[in-house]
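Take a look at the letters that make up each chain.
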Amino acid sequence: MLNRHARGFFTALFSPLARWLLKIGVSPDAVTIVGTLGVVVGALVFYPLGQLWWGTLFITAFIFSDVIDGIMARMQESGGRWGNFLDSTLDRVADGALFAGVAVWFFTGGADTPIAIAAVLCLVLGMVVSYARAKAEALGFHANVGIAERAERLVSVLVVTGFTGLGLPAVVLFVTLCLLALASLVTVVQRIIAVHRQSLQENEGTSSEQAA
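Numbers given for residues are sequential positions, taken from 1 along each chain in its written order. Only residues with pLDDT of at least 70 are given local features in this predicted model, and only at 80 or more are side-chain atom pairs given and counted; all residues enter the totals for whole chains, interfaces and linings. Only heavy atoms go into the side-chain values, all of them from the structure, while hydrogens and water stay out.

Visitor: Before we go on, may I ask you to explain the environment of Ala61 in this structure?
Guide: Within the secondary structure layout, Ala61 lies in helix H3 (residues 52–63). Relative accessibility thresholds used throughout: buried, under 20% of the residue-type maximum; exposed, over 50%; partly exposed, between the two (1.4 Å probe, protein chains only). For Ala61, a relative accessible area of 61% corresponds to the exposed category. Placed 19 residues apart in sequence, Ala61 and Gly42 show a C-alpha to C-alpha distance of 9.7 Å. Numbering of helices and strands starts at the N terminus; helices are DSSP runs of H or I of at least 4 residues and strands are runs of E of at least 2.

Printed below as a string of structure tokens:
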């Protein structure tokens with residue numbers, strides 16, 4: 001989940017653990033699956049019960065599996081397209097569970113409908129952000145652009161949700177979710193524009209070849 005600025009630090013930090021897991025026969029895929037299950041349990045069990053702080057701590061304990069499995073795959077020189085597919089797919093499951101858990105609590109015991117709606121918007125737009133890139137790449141385009149990277153989205157919602165459980169005013173969470181939803185919407189638009197430009201360039205290239 002980490003961006004390039006923190007990846008080096010956490011790679012060094014978790015490399016001994018990754019090496020030990022490989023030594024005892026744990027596969028990168030197993031780490032990916034267990035990490036996702038941990039995030040889902042934290043988000044869909046703790047959050048709906050109103051345990052925002054403890055849920056965040058529980059999720060954080062598993063969220064770094066996304067770094068560890070990558071380190072293990074590189075050490076094994078394995079993974080390839082299958083590992084990338086599994087990791088990306090389960091990332092979407094974890095992200096959806098996280099925002100769904102927040103929404104469920106604030107639709108029910110948290111009794112704050114605006115926050116719940118903002119969480120649902122983040123869930124939906126976050127999925128569209130990922131889908132836009134995946135579809136673009138499937139068609140041979142590049143769409144790795146935008147201001148709403150997954151790392152920033154996760155860190156923001158986890159930190160603010162956790163501290164909301166400790167008494168941080170709920171309005172801070174509402175504003176954070178609204179900003180995340182807006183950033184995701186902007187990212188979707190940026191990716192659509194990027195693919196459209198590439199499509200036009202492709203068509204122009206094809207027309208030039210036909211004319212020649």
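Visitor: Looking at this model, I keep getting lost on the state of the cysteines. Mind explaining?
Guide: What is meant by a disulfide is a covalent connection between two cysteines, made through their sulfur atoms. We call a pair of cysteine sulfur atoms a disulfide when they lie within 2.5 Å. For the structure on display, the rule yields zero disulfides. Of all cysteine sulfurs in the structure, the one in Cys122 sits closest to Cys178, which takes part in no disulfide; the separation is 7.6 Å. Residue Cys178 is classed as partly exposed on the basis of its relative accessible area of 32%.

Visitor: Any chance you could explain empty space enclosed by the protein here in plain terms?
Guide: To find leftover empty space, a probe the size of one water molecule is rolled over the atoms. Every definition here rests on a 1 Å grid over the protein atoms only: cavities are sets of points where a 1.4 Å probe fits but cannot get out, pockets are open sets enclosed by protein on both sides within 12 Å along at least five of seven lines, and lining residues have some atom within 4 Å of a point. Grid points are joined across faces, edges and corners, and a volume is the space filled by probe spheres set on the points. Going through the model one piece at a time under the given rule, you end up with two cavities of 30 Å³ or more. What lines the largest cavity is a set of 15 residues, among which Thr36, Ile63, Ser65, Asp66 and Asp91 lie closest to the centre. Those elements that provide at least two residues to the lining of the largest cavity are helix H2 (28–46), H3, helix H4 (65–76) and helix H5 (80–107). When residue character is reported, Ala, Val, Leu, Ile, Met, Phe, Trp, Tyr, Cys and Pro are called nonpolar, Asp, Glu, Lys and Arg charged, and the others, Gly included, polar. Here the residues of the lining of the largest cavity are counted per class, giving six nonpolar, four polar and five charged. Volume-wise, the second largest cavity comes out at about 50 Å³. For the lining of the second largest cavity, the secondary structure elements donating two or more residues are H5 and helix H6 (113–138). Classifying every residue of the lining of the second largest cavity by side-chain character gives four nonpolar, two polar and three charged.

Visitor: How do you make sense of the nonpolar core when you look at a structure like this?
Guide: Note that soluble globular proteins tend to have their nonpolar side chains buried in a common cluster. One finds Ile59, Phe106 and Leu177 to be the most contacted residues of the largest nonpolar core, which totals 38 residues. Among the elements of the structure, helix H1 (4–23), H2, H3, H4, H5, H6, helix H7 (150–165) and helix H8 (170–211) are those that each provide at least two residues to this core. Sorting elements by how many residues they give to this core places H5 first, with eight residues. Whether two residues touch is decided by their heavy atoms; if any such pair falls within 4.5 Å, the residues are in contact. When near neighbours in sequence (up to four residues on either side) are disregarded, Leu177 contacts Phe99, Val102, Ile115, Ala118, Ala119, Cys122 and Val157. As used here, the term nonpolar core means buried Ala, Val, Leu, Ile, Met, Phe, Trp, Tyr and Cys residues forming a set that is joined through side-chain atoms within 4.5 Å.

Visitor: Whenever I open this one, the side chain of Thr164 confuses me. Can you help?
Guide: Summarising the element assignment, Thr164 is placed in helix H7. Polar contacts involving the side chain of Thr164 include one to the main-chain carbonyl oxygen of Val160, which spans 2.7 Å. If near-sequence neighbours (up to four positions away) are discounted, Thr164 is found in contact with Leu52, Phe106, Ala170 and Leu173. Nitrogen and oxygen atoms within 3.5 Å of one another constitute a polar contact, given that in protein one can donate a hydrogen and the other can accept it, and given that sequence-neighbouring residues count only through two side-chain atoms.

Visitor: Whenever I open this one, the layout of surface pockets confuses me. Can you help?
Guide: In this model, the second largest pocket occupies a volume close to 160 Å³. Lining the second largest pocket, in full, are Leu17, Leu21, Val26, Ala30, Val31, Val34, Gly35, Ala61, Phe62, Ser65 and Ile68. Elements with a contribution of two residues or more to the lining of the second largest pocket: H1, H2, H3 and H4. It is H2 that provides the largest number of residues to the lining of the second largest pocket, a total of four residues.

Visitor: Explanation requested: the packing of aromatic side chains in the structure shown.
Guide: Each aromatic ring pair is described using two quantities: the centre-to-centre distance and the angle formed by the ring planes. Two aromatic rings, drawn from Phe, Tyr or Trp (for Trp, its six-membered ring), form a pair once their centres lie within 6.5 Å of each other, and the interplanar angle then sorts them: stacked below 30 degrees, edge-to-face above 60, tilted otherwise. Enumeration over the complete set of coordinates arrives at five aromatic pairs. Taking 5.8 Å as the distance between ring centres and 50 degrees as the angle between the ring planes, the aromatic pair formed by Trp53 and Phe163 counts as tilted. On the criterion of sequence distance, the pair formed by Trp53 in helix H3 and Phe163 in helix H7 is long-range, its members being 110 residues apart. Between Phe58 and Phe62, the ring centres sit 5.1 Å apart and the planes meet at 45 degrees, which makes this aromatic pair tilted.

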